[in-house]
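# Structural characterization, general
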Amino acid sequence: MAAPRTLGLLGGMSWESTLLYYRALNQGVAARRGGLASARVLIASLDFAEIAARQAAGDWDGCAEVLGDAAAGLRAAGAQALLVASNTMHKVAAPVERRGGLPFLHIADATGAALRSAGVRDAALLGTRFTMEDRSIVADRLEAGFGVRTCVPDATGRAEVHRVIYDELCRGRVEPAAVVALAAQIAALAAAGAEAVILGCTELTLAVTPSTSPLPVFDTAALHAAAGVEWLLGGPEGAR
């Protein structure tokens, strides 16, 4: 029998979605192994106030240093691979992987594989302003690696989605008006040709569900956690 694997999880960005990851990882392992089985996970939960301030200031090097040091701590504690429970923070994936010294399971790879398997070629992408406007975080990797083209809301729509994420969802608030507003953004992108919607922020699953979305939903947090389960149970080492 192969030695058990231990997964590192960088969370707290926000803790609302980190909670979803922890539950999904454990439920996934339990479903596959049965009995009292659970996931071997080490979590470093960061202070999102500090990270959000660095994001707003454009201090991505500082973000990479904070996350990289936390990843190195997970490695020292015994983690053998890394999940970063945030789409936006994949902007600094490369320096975090170098600094942390752990194989990186990229959120776009898990999402892209699911989209390709479903035959989706054109998808709406909702997320933070950073994720929607900086194609290097998710969109370019989806197109280059999986042939999935993405479209995003207009400037007003992007500002509203970003506001809902930071002012409401990251604080554990799911307002009915936000559910309606997000559905309207998805409907507009569906009218423009999108075949599915990517929840490109790990908190969006709190407010966008298959029952409220005009398009099929691809939840990056759930797909990323599923990739973590696959790795824990002996699957691929993950992208580098």
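Shown above is the structure to which this text applies.
One structure accompanies this document, and this report is about it. Owing to the predicted nature of the structure, the values given are computational and were not obtained by experimental measurement.

Cut-offs used in this document
- Residues numbered from 1 in each chain as written.
- Predicted model: local features only at pLDDT ≥ 70, side-chain atom pairs only at ≥ 80, totals over all residues.
- Heavy atoms only, no water.
- Core = buried A, V, L, I, M, F, W, Y, C linked by side-chain atoms within 4.5 Å.
- Buried < 20%, exposed > 50% of the residue type's maximum accessible area, 1.4 Å probe, protein only.
- Helix = DSSP H or I, 4+ residues; strand = E, 2+ residues; numbered from the N terminus.
- Contact = heavy atoms within 4.5 Å.
- Salt bridge = Lys/Arg side-chain N within 4 Å of Asp/Glu carboxyl O.
- Pairing = 2+ DSSP bridges.
- Polar contact = N/O pair within 3.5 Å; in protein donor to acceptor, adjacent residues only side chain to side chain.
- Axes fitted to C-alpha atoms, helices over the stretch in contact; angles between N-to-C directions.
- Arc of directions from axis to C-beta.
- Parallel < 35°, antiparallel > 145°, perpendicular 65-115°, else oblique.
- Nonpolar A, V, L, I, M, F, W, Y, C, P; charged D, E, K, R; others polar.

## Things to note about the nonpolar core
When a protein is soluble and globular, its nonpolar side chains tend to lie buried together. Leu10, Met13, Leu67, Leu82 and Met89 are the most contacted members of the largest nonpolar core, which totals 61 residues. At eight residues, helix α3 (residues 60-77) tops the list of elements feeding residues into this core. In this view, leucine 10 contacts Ala44, Leu67, Ala70, Ala71, Leu74, Leu82, Leu83, Val84, Ala85 and Val96; residues no more than four positions away in its chain are not counted. The next biggest cluster of nonpolar side chains, apart from the first, holds 18 residues, and it includes Leu9, Leu25, Ala37 and Ala81.

## Regarding the pattern of salt bridges
Opposite charge on two side chains makes pairing possible when the charged atoms of those side chains draw close. As enumerated under the stated definition, the model contains 14 salt bridges in all. With a closest N to O distance of 2.6 Å, aspartate 69 and arginine 99 form a salt bridge. Taken together, the positions of aspartate 69 in helix α3 and arginine 99 in helix α4 (residues 93-100) put the pair 30 residues apart, joining distant regions of the chain. Relative accessible area serves as the criterion here: at 40%, aspartate 69 is assigned to the partly exposed category. Here aspartate 122 ties to arginine 149 by a salt bridge, and the two come within 2.8 Å at their closest N and O atoms. Of this pair, aspartate 122 sits in strand β4 (residues 122-126) while arginine 149 sits in strand β5 (residues 149-151), and the two are 27 residues apart along the sequence. Looking at aspartate 122, the relative accessible area reads 25%, which means it is partly exposed.

## Digging into the pairing of strand β6 (residues 196-199)
The alternating pattern of β6 places Ala196 and Ile198 and Val197 and Leu199 on opposite faces, both of which are buried. Here β4 runs beside β6; their pairing, made up of four bridges, is parallel. By the bridge assignment, alanine 124 is partnered in β6 with valine 197. Bridging between β6 and strand β7 (residues 217-219) involves three bridges; their strand directions are parallel. Paired with valine 197 across the two strands is valine 217, which belongs to β7.

## Topic: the side chain of threonine 88
Assignment of secondary structure puts threonine 88 in the loop between β3 (81-84) and α4. In terms of polar contacts, threonine 88 uses its side chain to reach the side chain of threonine 128, at 2.6 Å. Those residues in contact with threonine 88 that lie beyond four places of it in its chain are Gln55, Trp60, Thr128, Phe130, Thr131 and Ile137.

## Quick notes on the sheet that holds β7
Ordered in space as β5-β4-β6-β7, the four strands form an open sheet in which the pairing is parallel. Bordering the open sheet on either side are β5 and β7, each of which pairs with just one other strand. Averaged over all neighbouring strand pairs, the angle between strand axes comes to 35 degrees, with direction disregarded. The strands touched by helix α9 (residues 176-191) are β4, β5 and β6; relative to β4, the strand with the most contacts, the crossing angle is about 155 degrees. Of the strands in this sheet, β6 and β7 touch helix α10 (residues 220-232), which is tilted by about 50 degrees from β7.

## Describing α4
Taken as a whole, α4 has its buried residues at Ala93, Val96, Glu97 and Gly100. Angular distribution of buried residues about the axis of α4 spans 100 degrees; they occupy a single face of the element. If you follow the buried residues of α4, they end up packed against β1 (7-11), α3 and β3. Two residues or fewer after α4 comes glycine 101, characterised by a positive phi angle close to 70 degrees.

## Remarks on the packing of helix α5 (residues 107-117) against α10
At a minimum axis separation of 8 Å, α5 and α10 run at an interaxial angle of 100 degrees. In this view, α5 runs roughly perpendicular relative to α10, as classed from their interaxial angle. Along its contact with α5, which presents Ile107, Ala110, Thr111 and Ala114, the element α10 presents Thr220, Leu223, His224 and Ala227. Here the residues of the contact of α5 with α10 sort into five nonpolar, three polar and no charged.

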